[in-house]
Amino acid sequence: MYRFLLTRQWVILTLIALLLIPVMIRLGFWQKHRYEERSARNQLVTEALSAKPVPVEQLTSPGHTVTSTERYRTVTATGTFDTAREEVVRRRVNSNEEVGYHVLTPFVLTDGKVLLVNRGWIPANGAQTAFPKIPAPPAGRTTVTGRLKVDETTAASGIKNVAGLPDRQVMLINSEQQARRLGAQVLGGYVEQTGPEPADDTPQQISDPGKEDAPLNYAYMIQWWLFAAAVPVGWVILARREARERAAGAAAAKTTAQAEPAAV
């Protein structure tokens, strides 16, 4: 009854099914890994944002690489904004996906070290070859609060570090590059300012980091494994249906042959 399974069509179908099962199982494990990775990141972000603010120099120093557990920690710093040497970071978007700049202002601490402060987003009005007009930060000695961030690199962000940009414009926020430019001791990483809030809400402060959609990866994991389980079930259903159809065809042919009158 199942001799048809040795036909070329069914051999190919069986090989495809045998190939799909391990591939789908592997994709399910990959989605499981992504779910665990995203869940762990979300937990780190939650813990960092809820942690008590600490002075920035407790977490970073010149040449320091900000770790995953230090990222997004709320820090405080006291010093003075150096607006004469601030720059803008090109091709950044706000919460409405509008393209503009991030305002990067050196913040000179009381001990002379420099903290890079991302003061927020401003629109890219006019030609991008000219330095935009930027609202001034508080003058004099100020205490700022913000989220500690990792230095940006092309490898991590996918943003190409373009050379030959207009004066005081950069593509990435990187403390090593800024230390060379400023000729100063620059703390590793940078801070996204959350306080004090700017006058007239300009620059627009950057919102809290959103959580990654880990449950979506969990759903994909279950989906791939269900697909893997469905392949052999589907193969059996198709084979049994084929067998029934062939048996019915053979029975019909036999009945037709018996009903025909014998040749005289």
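Below you will find a few notes about this structure. What you see is a predicted model, and the numbers here were worked out from it, not measured in a lab. Sequence positions are assigned chain by chain, starting from 1 and proceeding in written order. The predicted nature of this model means local features are confined to residues of pLDDT at least 70 and side-chain atom pairs, given and counted, to a pLDDT of 80 or more, with totals for whole chains, interfaces and linings taken over all residues. Note that water and hydrogens are dropped before the side-chain values are worked out from all heavy atoms of the structure.

1. Things to note about a nonpolar patch on the surface
- A patch is a set of surface residues, each over 30% in relative accessible area and not in a salt bridge, joined within 9 Å for like charges and within 5 Å for the nonpolar side chains Val, Leu, Ile, Met, Phe, Trp and Tyr. Each accessible area is a Shrake-Rupley estimate made with a 1.4 Å probe; only the visible protein chains count as cover when residues are assessed. Only one rule defines a salt bridge in this text: a Lys or Arg side-chain nitrogen within 4 Å of an Asp or Glu carboxyl oxygen. A cluster of nonpolar side chains, Val11, Leu15 and Leu18, forms an exposed patch at the surface whose accessible area comes to about 280 Å².
- Within the secondary structure, Leu18 sits in helix α1 (residues 8–50).
- Classification of residues uses two cut-offs on accessible area relative to the type maximum, computed with a 1.4 Å probe and protein chains only: under 20% is buried, over 50% is exposed, and between them is partly exposed. Residue classification places Leu18 among the exposed residues on the basis of a relative accessible area of 54%. Helix and strand definitions here come from DSSP, where helices need a minimum of 4 consecutive H or I residues and strands a minimum of 2 consecutive E residues; each element is numbered from the N-terminal end.

2. A short note on the nonpolar core
- By nonpolar core is meant a set of buried Ala, Val, Leu, Ile, Met, Phe, Trp, Tyr and Cys residues that side-chain atoms within 4.5 Å join together. Formed by 15 residues in total, the largest nonpolar core has its most connected members in Val56, Val75, Ala77, Phe107, Leu109, Leu115 and Leu148.
- Listing elements by their share of this core, those giving two or more residues are β2 (74–81), β4 (99–109), β5 (114–123) and β6 (142–149).
- Per-element tally for this core: the top contributor is β2, with three residues.
- With nine residues, the next largest nonpolar core counts Val114, Leu116, Val170 and Tyr190 among its residues.

3. Looking at the packing of aromatic side chains
- Between 30 and 60 degrees the pair is tilted, below 30 it is stacked and above 60 it is edge-to-face, where a pair is any two Phe, Tyr or Trp rings, Trp via its six-membered ring, whose centres lie within 6.5 Å. All told, the structure shown has six aromatic pairs when counted by the stated rule.
- When the centroid spacing of 4.8 Å and the interplanar angle of 65° are considered together, the rings of Phe81 and Phe107 count as edge-to-face. Of this pair, Phe81 sits in strand β2 while Phe107 sits in strand β4, and the two are 26 residues apart along the sequence.
- Site record: aromatic cluster; members linked through ring pairs are Phe4, Trp10 and Trp235.
- The criterion is that NZ of a Lys, or CZ of an Arg, lies within 6 Å of the ring centre and within 35 degrees of the ring normal, and then a charge sits over that ring. Here Arg119 stacks its cationic end above the ring of Phe81, 6.0 Å away from the centre of that ring.

4. Brief notes about the pattern of salt bridges
- Taken as a whole, this structure holds 13 salt bridges when the rule is applied.
- In this structure, the salt-bridge partner of Arg38 is Glu212, at a minimum N-O distance of 2.9 Å. Of the two residues, Arg38 is situated in helix α1 and Glu212 in the loop between β8 (190–195) and α4 (214–259); the sequence distance between them amounts to 174 residues.
- For Glu212, a relative accessible area of 26% translates into the label partly exposed.

5. Some points on the pairing of strand β3 (residues 87–93)
- The buried fraction of β3 is high, at five of seven residues.
- Only strands joined by at least two bridges in the DSSP assignment are considered to pair. Turn length for the β3-β4 hairpin, with the two strands adjacent in sequence and antiparallel, is five residues, and the turn residue Glu97 shows positive phi of about 65°.

6. What to know about α1
- A helix is expected to span 1.5 Å multiplied by its residue count minus one. Helix length check: α1 (43 residues) gives 63 Å between terminal C-alpha atoms against 63 Å at 1.5 Å per residue, within 8%.
- Along α1, the positions that sit buried rather than exposed are Trp10, Ala17, Met24, Gly28, Gln31, Asn42, Val45 and Ala48.

7. Focus on the environment of Ser207
- Tracing the chain through its elements places Ser207 in the loop between β8 and α4.
- Here the alpha-carbon distance between Ser207 and Gly189, two residues 18 residues apart in the chain, equals 18 Å.

8. Description of unusual backbone geometry
- Note that the residue after Gly195, namely Pro196, is joined by a cis bond; omega there is -5°.
- On the secondary structure map, Pro196 appears in the loop between β8 and α4.
- You will see that Arg91, though not glycine, has its phi angle at about 55°, which is positive.
- Within the secondary structure layout, Arg91 lies in strand β3.
- With relative accessibility at 55%, the residue Arg91 sits in the exposed group.

9. Structural notes on the side chain of Lys149
- Along the chain, the position of Lys149 falls in strand β6.
- Judged by relative accessible area, Lys149 falls into the buried class, the value being 11%.
- Reaching out from Lys149, the side chain makes a polar contact with the side chain of Glu192 at a distance of 2.9 Å.
- Ignoring sequence-local partners within four residues, the contact set of Lys149 consists of Val66, Arg71, Tyr72, Gly189, Tyr190 and Glu192. For this analysis, a polar contact is any N or O atom pair within 3.5 Å, provided that within protein one partner can donate a hydrogen and the other can accept it, and provided that sequence-adjacent residues contribute only side-chain to side-chain pairs. Contacts were defined at the residue level, with two residues in contact if any of their heavy atoms lie within 4.5 Å.

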